[in-house]
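Topology and contacts: notes
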Amino acid sequence: MYYAEKYKKIEINLDISLEGDVDLQFLLQGGELTKVKSDSWQKKRFYRLQEDCETMWHESSKIFRKNNTFSIDDIDSVRQGRESEGLLKYTDDSLEDCCFSIIFKGKRKNLDLMASSPEEAKLWVSGLEKVITHMDNLNSQQKSEHWIISCMRKADKNGDNRMTLKELKHFLRQINVEVDDTHATMLFEKCDTSRSGTLEGDEIKQFYELLTYREEIEVIYGKYALTDGQMSAANLLTFLKTEQMASWSLEDAENFIEKHEPDQTAKQKKHLTKDGFLRYFSQKEGSIFNPEHQPVYQDMSQPLNHYFISSSHNTYLMEDQLKGPSSTEAYIRALSKGCRCVELDIWDGPDGEPLIYHGHTLTSRVLFKDVIKAIKDYAFKASEYPVILSLENHCSVQQQKLMAHYMISILGSALLTHPLGNEMPTAFILQELKRRILVKGKRLNKLDAAFNNNNTEDVDSVSEEDEAAEVKESDQKTKPKKSKIKLAKELSDLVIYCKSVHFNSFEHAKEKQAFYEMASFKESKAKTLADNSASAFVHHNMDKLSRIYPAGSRTDSSNYNPVPMWNAGCQIVALNFQTPCKQMDLNQGRFLPNGKCGYILKPEFMRNPDFLFDPNNLTKAPWLRRKTLHIMVISAQQLPKLNKDKPKSIVDPLVRVEIYGVAADRASQQTPHINNNGFNPTWNRNFQFIINVPELAIVRFEVEDYDTASANDFIGQYTLPFTSMQYGYRRVPLLTQSGGIIPSAGLFVHIMALDN
């Protein structure tokens, strides 16, 4: 049957079949593993990779369980050893080499497993990593083909390599298309040239081609395919320069054809077929995100305060701030997303061991030393640029000394314990702090003491603002208390470049605050300053660090809008990473470029004191580079079904385009919804936006499922800086609420920006 042959061809082309590969063959054969949930719940279950090489099947004791599978695409990573809290807590040290964990994307719990031997554990880990890598390396077009053919196979209920009309209708619903019986019958009869009442062989091929036909691609390709019905390298170059504003050479075009054209005959002629042209849009060259902004490309030799820094609030929490679990996993996930400033709320624990949790609440607790170990292991896996540990210290002097001991002994040479160089610095340079961990907190004396052997008291009292207390105080409309705590010299001495100080006024800070001293602002205070004293705030942040944190009243771990804080030059705009929301989309979009390293260089007008930038009062100045942005939302491809439990439930998609930035640039426009078509809806809608300050603008695409009776449901989104967009016809990938890629789904748009 066509789809069986096509599926096998895809597997071979994607190098997934890997015939003879020991690791893959082991996964396909499967085996018994011990699933670990607690001390008492450790049960053997059979696991196996299915033949599609994209789904794991597992045995379950639940008789009525509908689905005993999970997708390889749902896996974020595989960790070998006792690297999860569960395995550390419920297994013995001697089983280290037999253990591994499967970490899922989103909020799904980790799967902690134990093999019968270290050798078997290595086979599971290496095999899974190999399959995950292959899936990640597929371009969107390959994933699309893989997904469609996989759905075809599933629709063939009896496995007879034929497709009946009933199976065809089931298949269409699987891929998110609802058609009436008349249209389905007409489509079926058009392809059933043998009049056998079933589709097979070339009839399936015809149906597949009808299904995947894209008129917009046909039109664009036809305009430039001027060489025997195909695109020559010269034709491709004309398209790239005329439509895509690309600075390619003829050699670049020829190299692209050589690399991506699937037809060997066309490739020999240096021609690009329609299939090859479609593949262009599934490569980074055809994406909306500029591939030149994918690696670290900005100047990283500026002072730390010249960068926006990806920052987390209450990093230890997996859920809400009242009774949610605290976990080392939350730190691992934040650091893996490029977060460079994490928060630790530390309190006295029993047995003399400091604990991390949200004070005055019912959140669970995690050992301080376990968090430091997790930070050591994951601090520099996603980025080699510095990590800041923002300490909210509520501990006794004795446990503070233990905190200092743990940080020094566990973090080792990565922990910055002395200013760089032999004399008092005037700034701290980002590039010089690569792979270093900085401590932000209170300090008993000035930094100069590190050079003159100043004899500071071993213990003294300092004021410590208690963010957690705001949870209790918020309902009473009273200010949070500033409690006095005794500060141990051992802990104080670890605070080098991020000394916490109270903010009085911009004038006071200018006169009294040293470059290494920084203030924290609750969101309401920061918003007031950003609204009423934006220019002064911007200038303050040219040579000082500012940290913004959510109000204590946000007990559900919701987030504030970070954009006005960035507009005021604030660097450490801390958000609840554990909460999927539009605000986190904006944060991930802001830090998408520059290698996702967690540091983005602020525009020059926010770094140079000669400029008087005010985001609320735009006058003719270097930052005012007004552009007219034209966005045409053309179509979408293979949007996911939202209600998989209801086979007849099909999405009614619409697309919203939003602009964030200075107040004058904020705007939103949307398409109408398309009824019952999540597979290939078409809009061809033009939108126009005026962008006054491009360097601060962020563009967000959101796809929703329209609902007449209630709020629309989220389908997917993609957010990126205006300055990182490519022009012309582009594919927009779509991400889940938790930030994971939705395989094969995307938007097709046309982008153009003209100077005013």
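Calculation criteria
Residues numbered from 1 in each chain as written. Predicted model: local features only at pLDDT ≥ 70, side-chain atom pairs only at ≥ 80, totals over all residues. Heavy atoms only, no water. Core = buried A, V, L, I, M, F, W, Y, C linked by side-chain atoms within 4.5 Å. Buried < 20%, exposed > 50% of the residue type's maximum accessible area, 1.4 Å probe, protein only. Contact = heavy atoms within 4.5 Å. Pairing = 2+ DSSP bridges. Helix = DSSP H or I, 4+ residues; strand = E, 2+ residues; numbered from the N terminus. Axes fitted to C-alpha atoms, helices over the stretch in contact; angles between N-to-C directions. UniProt positions renumbered as here; feature names shortened; annotations may be inferred. Polar contact = N/O pair within 3.5 Å; in protein donor to acceptor, adjacent residues only side chain to side chain. Salt bridge = Lys/Arg side-chain N within 4 Å of Asp/Glu carboxyl O.

Moving on, we come to the nonpolar core. Counting residues in hydrophobic clusters, the biggest one holds 76 residues, and the most contacted among them are Leu-344, Ile-375, Leu-389, Met-407 and Ile-437. Apart from residues lying up to four places away in sequence, Ile-437 is in contact with Ile-375, Ala-379, Phe-380, Val-387, Leu-389, Leu-411, Ala-414, Leu-415 and Leu-416.

Taken in spatial order, the seven strands of this open sheet run β4-β3-β2-β1-β7-β6-β5, and their pairing is antiparallel. The open sheet terminates on both sides in strands that have one partner only, identified here as β4 (69-71) and β5 (75-80). Sheet twist, expressed as the average angle between the axes of neighbouring strands with direction ignored, equals 35 degrees. For strand β1 (residues 31-36) and strand β7 (residues 111-114), the ladder comprises two bridges, and the chain directions are antiparallel. Bridged to Lys-35 within β7 is Leu-113.

This part is about the UniProt feature "binding site: Ca(2+) 4" (unreviewed entry) in the protein chain. In the UniProt entry, the feature "binding site: Ca(2+) 4" (unreviewed entry) is given for Ile-650, Asp-652 and Asn-676. Spanning 27 residues, the named residues form one tight spatial group whose C-alpha atoms are at most 6.7 Å apart. Mapped onto the elements of the fold, Asp-652 is located in the loop between β23 (627-637) and β24 (653-660). Owing to a relative accessible area of 16%, Asp-652 belongs among the buried residues under this scheme. Ignoring any residue separated from it by four or fewer positions in sequence, one finds Asp-652 in contact with His-673, Ile-674, Asn-675, Asn-676, Glu-704, Asp-705 and Tyr-706. Polar contacts involving the side chain of Asp-652 include one to the main-chain amide nitrogen of Asn-676, which spans 2.7 Å.

Put simply, side chains in a regular strand alternate between the two faces of the sheet. Burial analysis of strand β20 (residues 545-549) places five of its five residues in the buried class, the great majority of the element. What you see with β20 is no split at all: Leu-545, Arg-547 and Tyr-549 on one side and Ser-546 and Ile-548 on the other are buried throughout. In this structure, strand β19 (residues 517-522) lies alongside β20, joined through five bridges in parallel fashion. Bridged to Ala-519 within β20 is Ser-546. Where β20 and strand β21 (residues 572-575) come together, two bridges link them in parallel fashion. Counterpart to Arg-547 in the pairing with β21 is Ile-572.

With that settled, consider the side chain of Gln-578. Along the polypeptide, Gln-578 turns up in the loop between β21 and α24 (582-590). Separated by 3.1 Å, the side chains of Gln-578 and Ser-557 make a polar contact. Residues in contact with Gln-578, not counting those within four places in the same chain, are Lys-107, His-313, Asn-314, Leu-317, Met-318, Glu-319 and Ser-557.

We now examine the pattern of salt bridges. Evaluation of the coordinates by the stated rule reveals 25 salt bridges. Between Arg-547 and Glu-343 there is a salt bridge whose closest N-O contact spans 3.4 Å. With Arg-547 in strand β20 and Glu-343 in strand β11 (residues 341-347), the pair connects residues that are 204 residues apart, well separated along the chain. A relative accessible area of 1% means that Arg-547 is categorised as buried. Between Glu-704 and Arg-656 there is a salt bridge, with its nearest N and O atoms 2.7 Å apart. With Glu-704 in strand β27 (residues 698-705) and Arg-656 in strand β24, this residue pair connects regions lying 48 residues apart in the sequence. Each member of the pair, Glu-704 as well as Arg-656, is classed as buried. Among the ionic contacts, a cluster of salt bridges with common partners joins Lys-582, Asp-585, Glu-658, Arg-700 and Glu-702.

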